[in-house]
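Structural characterization, general
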Amino acid sequence: MPFLLFVSGGVSQGVQGELLKGIPPTLWSWWCWLVALSFGPGPGASSSRRTRGSSEAKGGFSLHPLFLFPLLQPWDPREICRKRVRGKVGQVPPDPASARDWWSTVLGEKEEFDQGCLCLADVDNSGNGQDKIIVGSFMGYLRIFSPHPVKTGDGAQAEDLLLEVHLRDPVLQVEVGKFVSGTEMLHLAVLHSRKLCVYAVSGTLGNVEHGNQYQIKLMYEHNLQRTACNMTYGSFGGVKGRDLICIQSMDGMLMVFEQESYAFGRFLPGSLLPGPLAYSSRTDSFITVSSCRQVESYKYQVLAFATDADKRQETEQQKLGSGKRLVVDWTLNIGEQALDIRIVSFNQSASSVFVLGERNFYCLKDNGQIRFMKKLDCSPSCFLPYCSVSEGTINTLIGNHNNMLHIYQDVTLKWATQLPHIPVAVKVGCLHDLKGVIVTLSDDGHLQCSYLGTDPSLFQAPKVESRELNYDELDIELKELQKIIRDVNKTQGVWPMTEREDDLTVSAMVSPNFDSESQATDVEVGTDLVPSVTVKVTLQSRLASQKAKLSVYVQPPLVLTCDQFTFEFMAPEMTRTVAFSVYLKGSYIPSELEGNAVVSYSRPTDRNPDGIPRIIQCKFRLPLKLICLPGQPSKTASHKLTIDTNKPPVSLLSLFPAFANQSDDDQVFVMGFHFFGGSRVTLLASKTSQRYRIQSEQFEDLWLITNELILRLQEYFEKQGIKDFACSFSGSVPLQEYFELIDHHFELRINGEKLEELLSERAVQFRAIQRRLLTRFKDKTPAPLQHLDTLLDGTYKQVIALADAVEENQDNLFQSFTRLKSATHLVILLIGLWQKLSADQVAILEAAFLPLQQDTQELGWEETVDAAISHLLKTCLSKSSKEQALNLSSQLNMPKDTSRLKKHITLLCDRLAKGGRLCLSTDAAAPQTMVMPGGCTTIPESDLEERSVEQDSTELFANHRHLLAETPMPEASSLHGVSD
C-alpha cells in the first residue's frame, strides 16, 4: 500500500524501521530512489546532522510517524515528493492545502444531518478489519457505504451503497457495539426521538454480477416514555463482553438499558437543557455539560443505587429522606456551552476527557482538573481526539465554520486543510485497506473521504552571491534606526497624525438662560425652584452615514429629559439638531459639570455596504447656576483653601456675573454660593495680595467652586491677551480630610456586604420554612403547625426590612462615591498646582485616582486605586531596582481596611515632593535621581521598602503622620490666611 511520507527531525532508526517494516519491496525501492534523488543521506546520518541547522543544510532527514497519510494512486515520485516548508516540519503552510478527495457523495435531497448521524465500524462483522460508513438522517433514512473508488477522487458508484432503508422516524444517533445478549457480535443501535432500535446487519454473497446483498434484522426495540436527545454506550459497571446503552432525554433523565431490558432511570439534579454525553470506562462515570455551563461527572454506581426517579416530581422526595441522593462526583465550570465530549485513553492507567466548547476546547484529567486548553480562532463545528504516536500527546481534528479542518497536537496547530463543506461530524477509519482515512459529513448531506497532503513544488531558489559583511556599517545603521524608534516613541503615536476632515461633526451649545418652564420632575431637592437648562446638539454629515446613535451622559445626580437619539440615515451635507434639558434631581451635588455627547455611526463603503463603525464625541460645560444660588457669605468654615496667582486680583462680580446681588456692595471681594443640597461655599479675594480663598463646611464642596474659579480666571486673562497667567498652591495637601471620606465610603461597602449576607441567610430560612409548611399541608393527616406560620410571618418581615436596608445603603454608597470623586478631583488639582505638573502628568493622576465611573461590591474604588498607585510607586516613582522587581497581586480583592491605601497615597505625595516625575514611557522604569531637600529622608514601607528611618521626611503632611511608622514630629502650622 503506497503512503505519503512527511519528513522531520528527531525520530530514531528503530522507530523508522518499525514504520517501514510493512512496506512491499517494490515500494521500498521507489522510496530509496526518492531519498537518494531529493534528500541526500538517509536514516543513517549522524546525530550532529539531525540538528535543525545541519539537516536543512546537508539534507539529513528522518520519518515522523505523525504525518503518515495514505494515498491510493499509481506510485509516481513526482506525486510523492513533498514541498519542504521552511522552519519546523509540521508547521502550517501559509495557504492551507485542500484536503485530498478520495471518495465523496451527496446523500438524498434536502435531508439534514448532525454530529450523531455518522459512525464508522465493521458493522457486518466481516472480520477483515474494513470499516463501513453508517449514516442516518433526520428524514429517517439509514445508509451503509463501503467505498471502492477506481481512482482517487471518484464519486460514489452504485455498488458502494451496501444498504439504504427508510425507518420513517428521524434518526438522532447511530452507534455500533455489542448490544445483543448471548453473542459478542457487533450490532447497530439506532436512536429515534421515541424509540431505540437494535439491528443486525448481515451480507449474503451474490452468485451474479450484481454483487453481495445486505439486509438488516430488528433484534429488539425499546419504546421511550420521554423524548430522547442523545445516547452513549459502554461496559457500565465493569461488565465483560457486552455493551450497555444510556439515553439522555430532553428533560435531563438518564435511562440505562441492559441490552434487551430496561434497568433504571435517573434525573440529573438541576437539569434544564440536555448537553453532550460520554462514558469513561476507566472511572466508570458519565460525563456531561449541564445548562449551568459546567462539566459534571456522575459515577455509574451512584446512579444505580440512587432513588428511582421515573417521574420528575419524585426528585423532591429524594431531598426529604427516603433513598440515596444523586451526588455529582466532580464539576468544572467552563463558562460556555459545549458542542461535544470525547474520552481518549492513553493506556489502562490514564485517560483524558476532551470537551469542545463554543470558543475553546479543553483536555481534562479523570478527576476534572484541566490538563490543557486551547482558545480557538474560529467557531468550531465538530472534533475528534485520538491518541498520537508521540508518547504523552494527543492529536485532535477540529472542524470549523470556515470550511477548515485543523489538526492539533495537544495545543500546537500541526496542519490545516480546506474542506468543500462545513463538517458537523468527523471520523477516522480504515476503508479499502487504507488506514487513517478522514470521513466528514455536512449538515446538508455532503459525505467525503479524504486524506492530507500538499502539491509538490519543483521550484528551487537560485543561489545568491555571498559577500562579506561590513560590521562597522551595520552598527552605524542599527544606531540610526534605534534613534528613529526612540524619537517616534516620544511622540503621541507610532503613526503620524494626519489632518483629515471628519465624516460627521458634532457640536453642543448650552443655552445661556434657564427654561421658561422647568422640565424638572420627581426631584429630591428640598426646594421647589429647581431650574433646567436646554442643550442643543447638532450633527452635520459630510458624507452619507447610517445607523447614527447619539448618547448623552452627565454626572449624577444631574439627569437628562432624553439621553438617546437614533438617526437611521443621514444624507451628505445633512444637518440634524436635537434638544434636551438638564436638571438636578438628587439632594447632593455632582462631581463634575461637564457633559459628554457621543455619536456612533456607520459609513458605508464599496466593499462593506453595511458600513464601517466609527465614533465621535463632543463635550460641553453646564452652568454653575444650574446647581446653586447666590448665598450669604460665611465668615467661619471648617475647611479652607488658598489659591495663589501671579496676577492682581480680579473682581468676583466680573468673574461670576450670574451671582451678583444688587443689595450687597461687598461682592467685589466676597461672594457666597448656596447649593440646592443645602451646603454653602464662600469665595474671598484678597485686596492687597494675589490670593483667593475658598471655604466651606464640607470638604468635597470646595471642588466645584475652586475649579470654576480657576477656569474663569484663565478665560478672563486670555480675553485680556495675557498668556503667562498661572495658579499655584503653597499650603499642605489636605489628605486627612480626604482620608475621612475614603473611610466613610469603605465603611458603607462593608455594611453592604454584611447586609447582603444577612439577607441571604434570611432568604434561605424563609424558603426552608415554606418547604416545611408545604409538607404539612400536603400530608393526608394534617399535623399541628407548631407556630411555623408565625415564624414564616416574622421571617418575611425581616426579609423586607433587610431588603429596604440594602437599598438604602446602596443609595448612601452611591452618594458617598460621588462625594469621594469630588474630593479626589480637588486633591488632584491641588497636587498639580503644588508641584506644577503638566497636563500629561495630571492625566496620569486622574487615571490612577479615578479609574471607575461606577462603584460595585465586586470591584470597588479602594482596591483599584491602590493597585494603580502601587504600580506608579514601583515604576516611574521608584527609587531603586529592588522596588521595580516587586510583583504586585494580579487579583483585585476588597481590602480589610484602608490603611494600606492611605499609606500609599501619602507616599505618592512624598515622592512627588522629592522630585518624582510621573511618566508612562519606557524610560520611566529606570531609577531616577531625586533632589532631596535638606534634612529629608525616605519614608519606610512594609511592602515596598525594608529599611528603618529615624527622622520625618517632610512637614508637608503633618496632619496624617500617624500613618507612617516613624518618630512623631511637631505638627506643621495651619494654612496662612488671606491678608486684607
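Whatever comes next refers back to the structure up there.
Residues numbered from 1 in each chain as written. Predicted model: local features only at pLDDT ≥ 70, side-chain atom pairs only at ≥ 80, totals over all residues. Heavy atoms only, no water.

**Structural notes on a negative patch on the surface**
Rules: To count toward a patch, a residue needs a relative accessible area over 30% and no salt bridge; like charges are then connected within 9 Å, while nonpolar side chains (Val, Leu, Ile, Met, Phe, Trp, Tyr) are connected within 5 Å. Only the protein chains shown count as cover for residues, and all accessible areas are computed by the Shrake-Rupley method using a 1.4 Å probe. Take a side-chain nitrogen of Lys or Arg and a carboxyl oxygen of Asp or Glu: if they are within 4 Å of each other, that pair is a salt bridge. Residues counted as positive are Lys and Arg, residues counted as negative are Asp and Glu, and His and the chain ends are not counted. A charged residue contributes its charge at one atom only: NZ of Lys, CZ of Arg, CG of Asp or CD of Glu. Secondary structure counts use DSSP, requiring at least four H or I residues in a row for a helix and at least two E residues in a row for a strand, with both numbered from the N terminus.
Together, Asp 522, Glu 524, Asp 804, Glu 807, Glu 808 and Asp 811 make up a region of like negative charge exposed at the surface. Topologically, Asp 522 is positioned in the loop between β33 (504-514) and β34 (532-541).

**Regarding the pattern of salt bridges**
Just so we agree on the cut-off: Remark: exposure states derive from per-residue accessible area (1.4 Å probe, protein chains only) relative to the maximum for the residue type, with buried under 20%, exposed over 50%, and partly exposed in between.
Counted by the stated rule, this structure contains 24 salt bridges. The shortest N-O distance in the salt bridge between Asp 793 and Lys 797 comes to 3.5 Å. Here Asp 793 pairs with Lys 797, and both are found in helix α11 (residues 788-835), just four residues apart, close to one helical turn. Taking the relative accessible area as the measure of exposure, Asp 793 reaches 39% and is therefore partly exposed. Of the residues examined, Lys 797 reaches a relative accessible area of 54% and is grouped as exposed.

**Observations concerning the nonpolar core**
Condition: Here the nonpolar core consists of buried residues drawn from Ala, Val, Leu, Ile, Met, Phe, Trp, Tyr and Cys, with membership extended through side-chain atoms lying within 4.5 Å. The criterion used for residue contact is that any of the two residues' heavy atoms lie within 4.5 Å.
The biggest cluster of nonpolar side chains holds 98 residues, and the ones touching the most others in it are Leu 550, Leu 622, Tyr 738 and Phe 849. Ranked by the residues each element gives to this core, the list is headed by α11, at 11 residues. Setting aside chain neighbours within four positions, we find Phe 849 in contact with Tyr 738, Thr 824, Ile 828, Trp 861, Val 865, Ile 869, Ile 905 and Leu 908. The next biggest cluster of nonpolar side chains, apart from the first, holds 19 residues, and it includes Trp 102, Leu 107, Leu 120 and Leu 441.

**Description of unusual backbone geometry**
Of note, the amide linkage connecting Pro 556 to Pro 557 takes the cis form, showing an omega dihedral of 10 degrees. Position of Pro 557 among the secondary structure elements: in the loop between β35 (545-553) and β36 (558-560). Phi is positive for Asn 403, close to 60 degrees, though the residue is something other than glycine. Counting through the fold element by element, Asn 403 comes out in the loop between β27 (394-400) and β28 (404-409).

**Structural notes on the packing of aromatic side chains**
Stated precisely, the cut-off is as follows: Two aromatic rings, drawn from Phe, Tyr or Trp (for Trp, its six-membered ring), form a pair once their centres lie within 6.5 Å of each other, and the interplanar angle then sorts them: stacked below 30 degrees, edge-to-face above 60, tilted otherwise. In this scheme, the term charge over a ring applies when either NZ of a lysine or CZ of an arginine sits within 6 Å of the ring centre and within 35 degrees of the ring normal.
Scanning the entire structure with this criterion turns up 21 aromatic pairs. Connected via pairs of aromatic rings, a cluster forms that spans Phe 236, Phe 264, Tyr 279, Phe 286 and Tyr 300. The ring of Phe 514 has Lys 625 sitting right over it, with the charged end atom 5.0 Å from the ring centre.

**A short note on the sheet that holds strand β9 (residues 161-166)**
Rules: Only when DSSP finds a minimum of two bridges between them are two strands counted as paired. Inter-axis angles, ranging from 0 to 180 degrees, are taken between N-to-C directions of lines fitted to C-alpha atoms, where helices are fitted over the stretch in contact.
Taken together, four strands build an open sheet; the order of strands is β5-β6-β7-β9 and the sheet is antiparallel. Edge positions in the open sheet fall to β5 (118-121) and β9, since each of these has one partner strand only. With direction set aside, neighbouring strand axes in the sheet form an average angle of 15 degrees.

**With respect to the sheet that holds strand β12 (residues 195-204)**
Sheet architecture is open: four strands sit in the order β10-β11-β12-β13, paired in antiparallel fashion. The outermost strands of the open sheet, each flanked by one partner alone, are β10 (173-177) and β13 (213-223). For this sheet the average axis-to-axis angle between neighbouring strands, irrespective of direction, equals 25 degrees. Taken together, the four bridges between strand β11 (residues 187-191) and β12 define a ladder with antiparallel strand orientation. Residue pairing across strands places Ala 189 opposite Val 198, the latter belonging to β12.

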